[in-house]
Structure formats: structure tokens, C-alpha cells
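Listed here are the chains, written in short residue letters.
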Amino acid sequence: MNRNQIVFLAAVSAGCAAVVFTAWTAEETVGQTGAAAKPRFTISPETTFFTEPVRADGSIDFVAAINKNFGKGVKPEENACTYLHRAFGPIQELPPSFYAKLGIERPPAQGQYLQPFPLPLAIADWPAERVEKVLDDAEAAVARTWTRQECPELGAWLDAHREPLELVHAAARCQKFYSPLSDEFINVEQTKGPVPLLAVLLPGASKLRMAARMLCSRAMLQLGEGNAEGAWHDLIACRRLGRLASVGPTLAETRVGYSIENMGSRGMLTLLQQTHPSSAAVKQYRSDLKKLPPIRSIREIVNVSERCTSIDALLTIASGQPDAMELLGVEPEVGKAAHLFRRVPIRAFDWNEALKTGNAYYDRMVSAMRLPTHALRRAAIAKLGSDLQHR
């Protein structure tokens, strides 16, 4: 478990502990208890971080709040995601409202879209040994040079995706990246009540990684066939895409961006090692690299999205809604905490101390991540980890 997960789980657990402590030490109880009572908490920056928009039940709509925070001022024509989702095609789980937030129509069911290898190749009649070989070749082709003669199936697959890969290049040329969160899903069983942030699906993240792998695979093909310029064109697009995607808004998407950035960097290292570029080419490469957008600090994601996911988990527990609480089980430790509270009248508790406690951990985490040197950051985060374990 990484440090961010520890902070998230500890913030939820400590928040729940604060609720129990408040309940045990209260001098008087609330008149209404059980499922009929509304959760007791105050909306403020110290408790809920965001103060709007407010749902009908009095809780914060964190999906809408995060979308507003990360999507502010992003126009469809400058958003990489508008091009990427035209390349991905319609994603089954995403509703029309997702595409409306992007400013585009839902792509038609039929079209030239990115598909995972070996689709659209017909492999039903291939012997198992051949299928295993081409899958191994596809895995290795991301980081080593190859030719169509060595991997004809992979070459044919990439050739079949020229059109959607042009859209991926168009996405990489954009200046902004905004992928709205959606708590509405098609063909997924709906819950009674809001979907917790922890359970919001991110179906576009895997397709984004697939698009980057295709760019790198094609770059290694072009490198193997002596086209260094074409290879660089695909690799710089991959690097730009990774940096754009690092803006999130979730930690999972930021990690995908980091992974894509690393994938493109390894491909560039292969190119430089095998081509011995001229001084003119090196000058062009350096110019292209200087134009890359800055990679997003993970601190910003932790400060907003991760913090809100923790707060939302606490408020989901406070709501007492069984369906929503069940979804918290995607993070087992949080699911255990939610299960413990099913046996008590949690809506009667004062959740303000819980929310303040969870927020305090994130304040310390973000402050530690802002320290000027690695040594100072590491020491501060280690101290936070120690405090969490001994609370």
C-alpha cells in the first residue's frame, strides 16, 4: 500500500473514530435517531472542503464540484478528451450526459475506433501457439524495434487504426485535458442514492493507455523500418499525451499520465541509442521537448480529488444508505469501516469532528508535499505516517 492510500484509509478510519468518540462523550443525544434522521454535519471549508453544489439531501455533490474545479474555462476545441473520445468510440458504461459535458455528441455505434489487439484481426482459427506468439510480440513491440516481416499481424493491426490514431495526434496537440467524472452509468446496476466518489468508474483511462501503447508500437515499427522522423513524431505525441493526462482529475488518471510519459521516454531512449541523430535532428528534438506541457504535480490531485474522496466516503457512511455504503467495499478497509457503522444509529452522530479530523490529515499531507527538498518532504511524510499508525 502506498503512502497516499495510507493517508486516505487513515483519514476515513480516524474520522470514524472521531464520530464514535463524539457519540460516547456527548452529554445529550439527538431527538431523532436511526434511518429517519439526517446526518449531522456543517458545510464549510473545514469540514466538506467544497461548499457547493448542495444536493437535495443536504450533502455536497462532489462529482459536480470536482468537474467544476477541473473543467473551468476548458473549451471543447482545446480539450484533448474531445478528440480522444472520438477515437475511442462510444464507451458502453458512459451516458449521453458525459459526452454533453465534453461538448460533443455520443459517437455512433459503428465507426473506425481504437480496438485492443488483436482486434479487428480474425484470430478464431489461429492455433494457440500462434496467438501466444503474436500477443508476446505485441507486448514487446512497445519498447523494442521491429518490422512488419517479424510481426505481420501487429503491423496489419496498426495499419487498420490509422484514422483513429490521427485523432490521438490531434488530442496530443491540444493545450488542455478535461475528462469529466460521471456518477451515471449505462448497463450498470444503479444504487439508491448518490454513487460514492470511491466507486465512480473511469472507463476512459484504460483506453488512453491503449492509445499510448499503439503510438509507441508504431514508433518502434517506423524505427525498425528506418523512419526515425516518423518514430519521433509518434513518441513526442505520446509524451504530450501523458503530460496532458497527468492533470487528472483523479489519482488513477494521473498515474496513467505518468505511465504514458514513462512509456514515451523509454521509446525516445531507444530511438537515440539506435539512430545516432545528427546535430540538426538533436536540435529539433530539444526544441520539441522544451515545448512539452508541464507534468501535473500529484500534490494538486491529493489536495482536491483524494481529499474529497475521503470526505465523501465519510459522508456516505453518515448517510446510512445501504447501497451506497456497499459500494465503499471497492476499498476493502473502507468497506469494513462502513460495515461496522451499520449496527448503530449513525445519523444521530455529530460528523463535524470526523470531517475535520480527515481534513487535517490531508492538510498535513499537502503541506509536506510542498516542502522545498526531497529530504524534508520524505521526513514530514514519514512523521505523518508514524502519527497515523499510532493514533
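Everything discussed here concerns the structure shown above.
The rules behind these values
Residues numbered from 1 in each chain as written. Predicted model: local features only at pLDDT ≥ 70, side-chain atom pairs only at ≥ 80, totals over all residues. Heavy atoms only, no water. Phe/Tyr/Trp six-rings, centres within 6.5 Å; stacked < 30°, edge-to-face > 60°. Helix = DSSP H or I, 4+ residues; strand = E, 2+ residues; numbered from the N terminus. Buried < 20%, exposed > 50% of the residue type's maximum accessible area, 1.4 Å probe, protein only. Salt bridge = Lys/Arg side-chain N within 4 Å of Asp/Glu carboxyl O.

## So, the packing of aromatic side chains
Summed over the entire model, instances satisfying the criterion amount to four aromatic pairs. Taking 5.1 Å as the distance between ring centres and 75 degrees as the angle between the ring planes, the aromatic pair formed by F117 and W157 counts as edge-to-face. One end of the pair, F117, is in the loop between helix 4 (96-102) and helix 5 (128-140); the other, W157, is in helix 6 (residues 152-159), with 40 residues separating them in the sequence. Taken as a pair, F117 and W157 share a single burial class, namely buried. Their ring planes at 20 degrees and their centres at 3.9 Å tell us that W232 and Y285 sit as a pair that is stacked. Pair noted here: W232 is in helix 9 (residues 228-245) and Y285 is in helix 11 (residues 279-290), with a separation of 53 residues, a long-range link. Y285 shares its class with W232; the two are buried.

## Description of the pattern of salt bridges
Tallied over the entire structure, the rule returns 16 salt bridges. When the shortest N-O distance is used, the salt bridge between E52 and K68 registers 3.7 Å. Here E52, found in the loop between helix 1 (3-25) and helix 2 (62-71), pairs with K68, found in helix 2; they are 16 residues apart in sequence, far enough to count as distant. Classification of E52 by relative accessible area gives partly exposed; the value is 49%. Note that E153 and R130 form a salt bridge whose closest N and O atoms lie 3.0 Å from each other. With E153 in helix 6 and R130 in helix 5, the pair connects residues that are 23 residues apart, well separated along the chain. Accessibility expressed as a relative area gives 14% for E153, which makes it buried. Residues joined by salt bridges that share partners form a network here, namely R148, D159, R162 and E225.

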